Amino acid sequence: MMSIKTLAEKYSEAMLRDFHHLHQHPELSCQEKETTEYIANALREIGLTPCTDYPEYGVSAIIQGGKPGKTILLRADIDALPITEESGCPYSSQVPGVMHACGHDIHTAGLLGAARILYDLREELCGNVKLCFQPAEEVPHHGASKLVEAGILENPKVDISVGIHVDAANPLGQITFLEGPASAFGDRFTATLHGKGGHGSEPHKVNNPIDAALAICQMIQSFRCKLSPTDIALIQITKIQAGSVENVIPDTCVLGGCIRTVSKEIRQQIRSKITDIIDGVCKMQGVSYSLSGFNSDFPIVINDETAVKLAETSAEKLGLHCIKGKISRLGSEDFGWYANESGVPGVFIWAGCGSPYPAHNPRFRADERSLPQNAGLLAQIAIDYLREGLSL
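Residues numbered from 1 in each chain as written. Predicted model: local features only at pLDDT ≥ 70, side-chain atom pairs only at ≥ 80, totals over all residues. Heavy atoms only, no water.

Caption draft 1: Layout of the overall build of the protein chain. Across its full length, the protein chain carries nine helices and 15 strands. Taking 2.2 N^0.38 as the reference for a compact globule, 392 residues should give roughly 21 Å; the C-alpha atoms of the protein chain span a radius of gyration of 23 Å, in line with that estimate. C-alpha atoms of the protein chain, sized along the principal axes, occupy 80 × 45 × 35 Å. The buried share among the 392 residues of the protein chain stands at 53%. Relative to all contacts within the protein chain whose residues are 6 or more apart in sequence, the contacts with residues 24 or more apart total 81%. For the protein chain, the distance from the average site of its 34 positive side-chain charges to the average site of its 46 negative ones is 3 Å. (Helix = DSSP H or I, 4+ residues; strand = E, 2+ residues; numbered from the N terminus. Rg over C-alpha atoms; globule rule 2.2 N^0.38 Å. Buried < 20%, exposed > 50% of the residue type's maximum accessible area, 1.4 Å probe, protein only. Contact = heavy atoms within 4.5 Å. Lys, Arg positive; Asp, Glu negative; His and termini not counted. Charge placed at Lys NZ, Arg CZ, Asp CG, Glu CD.)

Here you go:
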């Protein structure tokens, strides 16, 4: 079998071309029409038959091995963010107010590179590789969940799922494997407080919903401080919207926030406590409310122990620096729909990309050398898994 490293370098220019095009032409979640077309055309050029029969864009394709075996799914996300780019790179976004600030263009170009490598080696594969280019990762209840509902894990049935995300916090060549949770539950909530507005000079005649919102914020902060240090959890108030002029007390105030947890029990405890706080404050302030959210926006991602060992061995074959650890940041990822929610074992990998700025920052800029690194790692994992035929 030809060296994976050799093939990754062979296709490095093609990956770079894909990356530059995708970075210059980003599309927001649920709007990835041209991105889907570009990926489909690239898959056709490789020799594959793309499937675009999904409700909200996205592409898949199957590389059939020369020998029978299991099926591995390799996933990349394709959507961008509503951010104005300030990276200064020569291939900056050409779409005003939209940018690939989370590395999804790197993910997509890397998976296209892995597709080229694996297509060259298809006769030696013992099973199938399902390529999944997923839309709408940045918004809840869209990308991954819609593809799973549409049957992405069937025909042929997927036995293991693999995802890679660029890691701005670590240098190129460092691959991080998290044992257990690899990302957190991501919940959002919105409370609309309905008071009685009036003139700013007559506060005694109104029920000010802003007062209720401020009291709610203070009580949530107090509750957050009482969580045990061993409870991995985060609560943030991220939105307060009310009023339009300085001398009018508004009728309504909208309060919103997010919760990140890795425990179902702590998650439910926080949701219940926030509900109690909002209800109690509003009753005390004479304000009514409506509360929405607290649904499973992003399921938790829990890495399968055997899948982690497989991926780590594959990375070591490529000379990558592997480290293991526990979750230390509470980002959310919808990769959990392919893995934990579906019952398919999976591994989610963090690959160092050497960006001087974090993801979701207008100056985010991933090192282009991460393309052959990521493509080679995805291909190596697929080859090793199909060769071994592991039962996970």
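Caption draft 2: Structural view of the environment of Phe133. Within the secondary structure, Phe133 sits in strand β3 (residues 126-134). A relative accessible area of 0% means that Phe133 is categorised as buried. The contact partners of Phe133, leaving out residues within four places of it in the chain, are Ile39, Leu43, Gly58, Val59, Ala76, Ile78, Thr108, Leu111 and Leu112.

Caption draft 3: Representation of the pattern of salt bridges within the structure. As enumerated under the stated definition, the model contains 16 salt bridges in all. For Asp187, the salt bridge identified is with Arg267, shortest N-O distance 2.7 Å. Taken together, the residues Asp187 in strand β7 (residues 185-194) and Arg267 in helix α7 (residues 264-285) connect sequence positions 80 residues apart. Neither Asp187 nor Arg267 differs from the other in exposure class; each is buried. The salt bridge involving Glu202 is made with Lys205; its shortest N-O contact spans 3.0 Å. Judged by its relative accessible area of 47%, Lys205 falls in the partly exposed class. (Salt bridge = Lys/Arg side-chain N within 4 Å of Asp/Glu carboxyl O.)

Caption draft 4: Up close: the side chain of Glu27. Structurally, Glu27 can be placed in the loop between α2 (12-24) and α3 (33-46). We note that Glu27 is buried and unpaired, the nearest opposite charge coming from Lys33 at a distance of 7.6 Å. There is a polar contact of 3.4 Å between the side chain of Glu27 and the backbone nitrogen of Lys33. Excluding anything up to four places from it in sequence, Glu27 contacts Glu32, Lys33, Glu34, Thr35, Asp79, Ala80 and Val98. (Polar contact = N/O pair within 3.5 Å; in protein donor to acceptor, adjacent residues only side chain to side chain.)

Caption draft 5: View of the packing of aromatic side chains. Taken as a whole and assessed by the stated rule, the structure comprises four aromatic pairs. Aromatic side chains Phe335 and Phe348 sit 5.3 Å apart centroid to centroid with 40° between the ring planes, which places their arrangement in the tilted category. Of this pair, Phe335 sits in the loop between β14 (321-325) and β15 (346-352) while Phe348 is found in strand β15, placing the two residues 13 residues apart along the sequence. Using a relative accessible area of 0% as the deciding quantity, one classes Phe335 as buried. Looking at Phe348, the relative accessible area reads 0%, which means it is buried. Pairing Phe348 with Trp350 gives two aromatic rings, centres 5.6 Å apart and planes at 90°, and the pair type is edge-to-face. By the ring-pair criterion, three or more aromatic residues cluster together here, those being Phe335, Tyr338, Phe348 and Trp350. Residue placement shows Arg122 over the ring face of Tyr119; its charged tip is 3.8 Å from the ring centre. Sitting over the ring of Phe185, Arg267 keeps its end group 4.2 Å from the ring centre. (Phe/Tyr/Trp six-rings, centres within 6.5 Å; stacked < 30°, edge-to-face > 60°. Lys NZ or Arg CZ within 6 Å of the ring centre and 35° of its normal.)

Caption draft 6: Local environment of the sheet that holds strand β11 (residues 252-261). Taken in spatial order, the four strands make up an open sheet running β9-β11-β7-β12, and their pairing is antiparallel. The sheet is open, and its two edges are formed by β9 (233-242) and β12 (288-293), each paired on a single side. Mean inter-strand twist for the sheet, computed between neighbouring axes without regard to direction, equals 20°. Summarising the sheet, β7 and β11 pair through 10 bridges and their orientation is antiparallel. Paired with Asp187 across the two strands is Ile259, which belongs to β11. Taken strand by strand, helix α6 (residues 209-225) contacts β7, β9 and β11, and its axis lies near 170° from that of β9. (Pairing = 2+ DSSP bridges. Axes fitted to C-alpha atoms, helices over the stretch in contact; angles between N-to-C directions.)

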